[in-house]
Amino acid sequence: MTLSLSFCLHLSAAIFSIGVYGVLTRSNLIVILMSLEIMLNAVNLSLVAFGRAFLTDLTRDPSGPQVFVIMVLAVAAAEAAVGLSILLAVYRKWRTTNAGEIDLLKG
Amino acid sequence: MQNLPAILLESSPVSLNPVTSTDLLAILPVLILLGTGAVVLVMDLFQSVPAGEGETRKPVLHFLSILGAVIAGAQICGALAAPDTGATSFFRDALRIDKFSLAMSLLIVLGAAFSLLGAADTLRRRGLEHGEFHALILFSAASMILFTQSASLIMAFLSLETLSMSVYVLTAYTREEKRSNEGALKYFILGSLSTGFLLLGLVFIYGATRSTNLVEIEAALRGGGANLDSPLLLCGLALTLIGLSFKIGAFPFHSWLPDAYEGALSIVTGFMAVTVKVASFAVLLRLALLFGSTPSAGTIGAELHASLTAALSTLAVLTMVFGNVVALVQRSLKRMLAYSAIAHTGYLLVGVITAMEAKRSGLAAGTGAGQAVLFYLFPYALMTLGAFTCMSYLGRGTEDCESLESYRGLGRQQPVLALGILLLMISFAGIPPTAGFWGKLLIFRQAIDTGHWGLALTGIVTSVVSVYYYLSVVVNMYMQPGGENEPLSTEPRTCGKLAILLTVGAVAIVGLLPDTFFRLSMAYSLR
């Protein structure tokens, strides 16, 4: 059984939406970081799907989507590192990982 | 296996072009910035810690990093002055360097240099002189230059991410302060969310056009979109637009901006207000012209043009109204300037829409699109840098001079500086004959010329509203008694003084000689 491109894209969009929902609604900062990672991985899924679909296109270099996936993975790792260090700095001063309690800046 | 293309089965399918010296020469300014950043970072390890209070402890760091930025700026100026040979591609079409991207790069390097100059005093005052600060400013400036020059979707994504990450960390630089932590956290979460949208958008565009290269995408559009998946392309474009709207702080996607601007050091706020906006608008303008103005054989061109115009117009109107109205009620100058930055994003979006129209209706020979955006961004960058440098220049101890009340009586205590702030504020408000006025005039004029009366009218009315809050600073400086304010301490603040003098002077010059700068922005506009 082969999965169609359209199926993969819809699945990827669904996972992406789960990530966005998590970022917007959860209050635990660790869970928000996890949701951000889910979003990037959902994008990777659609890249892989495109990579499979492009294999039949003889005019293009088929390695394009794979290269893109590797780049996204690298960026996701760097982003997690920066995010966790900011989170650590926040936790040291605020003693909380609840986004709702961090509310000094308003207006 | 039988449906694998022949290219995979052959022994050496892709010719691997090595990086040539031409490629490296083309990105020399970027290499200089990166090299200086690395040197400064390592050098910081060998600097001995403090002599005494009140003297620059690490003058070498400031000097070296500013020198690096100035040399990179001189390189870019040299390339700008060279005769125009059109756009040239480097690194197997990953980068595309033309006069427009060079002009935008110059603005970015200018922003970095002035921020480093203004930061010398404020970092010393707070005991925060570390090499990381200079390195991060230089690294983010380097990635912004690559972002404005990127001609491939992958390159654009990578450089946007490296620049964003540097700026997240810069926002969190004063890590002992709760406000700074909070601002950085909000900036990081919403910035990464926008990155997700942008990335999904770019991937959808890639999937629809089957290419990451902007030139090939344009060719695919010109071809009438025979094999274009139009819902996928529209979806991708919408997601990309949302992602970029976060970065420029357009209205429904602005919520991180006031908090990040307030939490960061004033000098960092000035840096990111200028450079992130310049770099994002350079790419937004390029993408808008590519997707909104490419004539195509089929209906796809008209369809894209209509949707992009509608989306950008809505964003522009909402952003102009929201930014100006909310700025009216702010009690902190820093937060007020943050909302005014949102308002200016709205005016610049009008510039992008008119550029799209101009390009679509056919450009006269020798002219380009987007000169209004360029002409607006140059004085805007100088004004913003000047205003935020003043804020940190006037700071006492670990505090920057942020509340409007703290400017009371400044006209008497510091008459020359107050005059400078007065010029910056009336230029922000767009009162003739200042630099800000000419920029707005050109944008609204072009909006009327291309038939966007509604946009021009909204822009003019909201500009009039903005005069109120900009002048409230002036009222506080000159017409309020300044009893409770203690005078500035006597620490040397030469670098800050120099930065303010240069920015204010440049704003005054642009205001007096608009013709010269208009001709320059025409010459450097996007072909």
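Because the structure is a prediction, the values reported are computed rather than measured.

(A) Expanded view of the overall build of chain B. Across its full length, chain B carries 21 helices and two strands. Relative to the 2.2 N^0.38 estimate, which gives 24 Å for 527 residues, the radius of gyration of chain B is 23 Å and therefore close to what a compact globule would have. When the 527 residues of chain B are sorted by exposure, 61% land in the buried category. Taking the average place of the 31 positive charges on the side chains of chain B and the average place of its 31 negative ones, the gap between the two points comes to 4 Å.

(B) Structural view of unusual backbone geometry. Residues and elements named next belong to chain B. Of the consecutive residues P432 and P433, the connecting peptide bond is found in the cis state with omega at 0°. Looking at where P433 falls in the secondary structure, it is placed in the loop between α17 (415-429) and α18 (435-449). Phi angles above zero are rare outside glycine, and D93 is one such case at about 70°. Mapped onto the elements of the fold, D93 is located in the loop between β1 (88-90) and β2 (95-97). On the basis of relative accessible area, D93 is assigned to the partly exposed category, the value being 34%. At R210, a residue that is not glycine, the phi angle is positive and equals roughly 60°. Secondary-structure assignment places R210 in the loop between α8 (178-209) and α9 (214-222).

(C) Seen up close, the packing of aromatic side chains. Overall, the coordinates contain 21 aromatic pairs over all chains when judged by the stated rule. Consider the rings of F68 of chain A and Y206 of chain B, whose centres lie 6.0 Å apart with planes at 35°: the pair is tilted. Note that F68 of chain A is positioned in helix α3 (residues 64-94) and Y206 of chain B in helix α8, a pairing that runs across two chains. Taking the ring centre of W94 of chain A as reference, the NZ or CZ of K178 of chain B above it sits at 4.6 Å.

(D) The arrangement of helix α11 (residues 256-263) of chain B in detail. All names here are of chain B. Burial analysis of α11 places eight of its eight residues in the buried class, the great majority of the element. Along α11, the residues classified as buried are W256, L257, P258, D259, A260, Y261, E262 and G263. Where the residues of α11 are buried, they touch α7 (153-171), α8, α10 (230-248), α12 (266-293) and α14 (333-360).

(E) Molecular detail of the nonpolar core. Residues and elements named next belong to chain B. Ranked by internal contacts, the top residues of the largest apolar core, which has 208 residues, are F133, F291 and I421. Top element by residues in this core is α12. It accounts for 19 residues. Once residues lying within four places of it in the same chain are set aside, the contact partners of F133 are A119, L123, L170, Y173, L265, I267 and V268.

(F) Structural view of the side chain of T269 of chain B. Residue and element names in this part refer to chain B. Relative to the helices and strands, T269 is located in helix α12. The buried category is assigned to T269, whose relative accessible area is 0%. Leave out the neighbours within four places in its chain, and T269 touches Y261, A264, K334 and F388.

(G) Fine view of the confidence of the model for chain B. Averaged over every residue, the pLDDT of chain B is 87; residues scoring 70 or more account for 90%. ipTM for the predicted complex: 0.95, alongside a pTM of 0.92.

(H) Looking closely at a nonpolar patch on the surface. Residue and element names in this part refer to chain B. Together, V321, V325, L328, V329, L457, V461, V465 and Y468 make up an exposed nonpolar region whose accessible area comes to about 710 Å². Those elements giving two or more residues to the nonpolar patch turn out to be α13 (300-328) and α19 (453-478). It is α19 that contributes the most residues to the nonpolar patch, four residues altogether. Structurally, the position occupied by V465 is in helix α19. Note on V465: relative accessible area 31%, which makes it partly exposed.

The rules behind these values
- Residues numbered from 1 in each chain as written.
- Chains lettered and ligands numbered in written order.
- Predicted model: local features only at pLDDT ≥ 70, side-chain atom pairs only at ≥ 80, totals over all residues.
- Heavy atoms only, no water.
- Helix = DSSP H or I, 4+ residues; strand = E, 2+ residues; numbered from the N terminus.
- Rg over C-alpha atoms; globule rule 2.2 N^0.38 Å.
- Buried < 20%, exposed > 50% of the residue type's maximum accessible area, 1.4 Å probe, protein only.
- Lys, Arg positive; Asp, Glu negative; His and termini not counted.
- Charge placed at Lys NZ, Arg CZ, Asp CG, Glu CD.
- Phe/Tyr/Trp six-rings, centres within 6.5 Å; stacked < 30°, edge-to-face > 60°.
- Lys NZ or Arg CZ within 6 Å of the ring centre and 35° of its normal.
- Contact = heavy atoms within 4.5 Å.
- Core = buried A, V, L, I, M, F, W, Y, C linked by side-chain atoms within 4.5 Å.
- pLDDT = per-residue confidence, 0-100.
- Patch = residues over 30% accessible without salt bridge, like charges linked within 9 Å, V, L, I, M, F, W, Y side chains within 5 Å.
- Areas by Shrake-Rupley, 256 points an atom, 1.4 Å probe, with all protein chains shown as cover.
- Salt bridge = Lys/Arg side-chain N within 4 Å of Asp/Glu carboxyl O.

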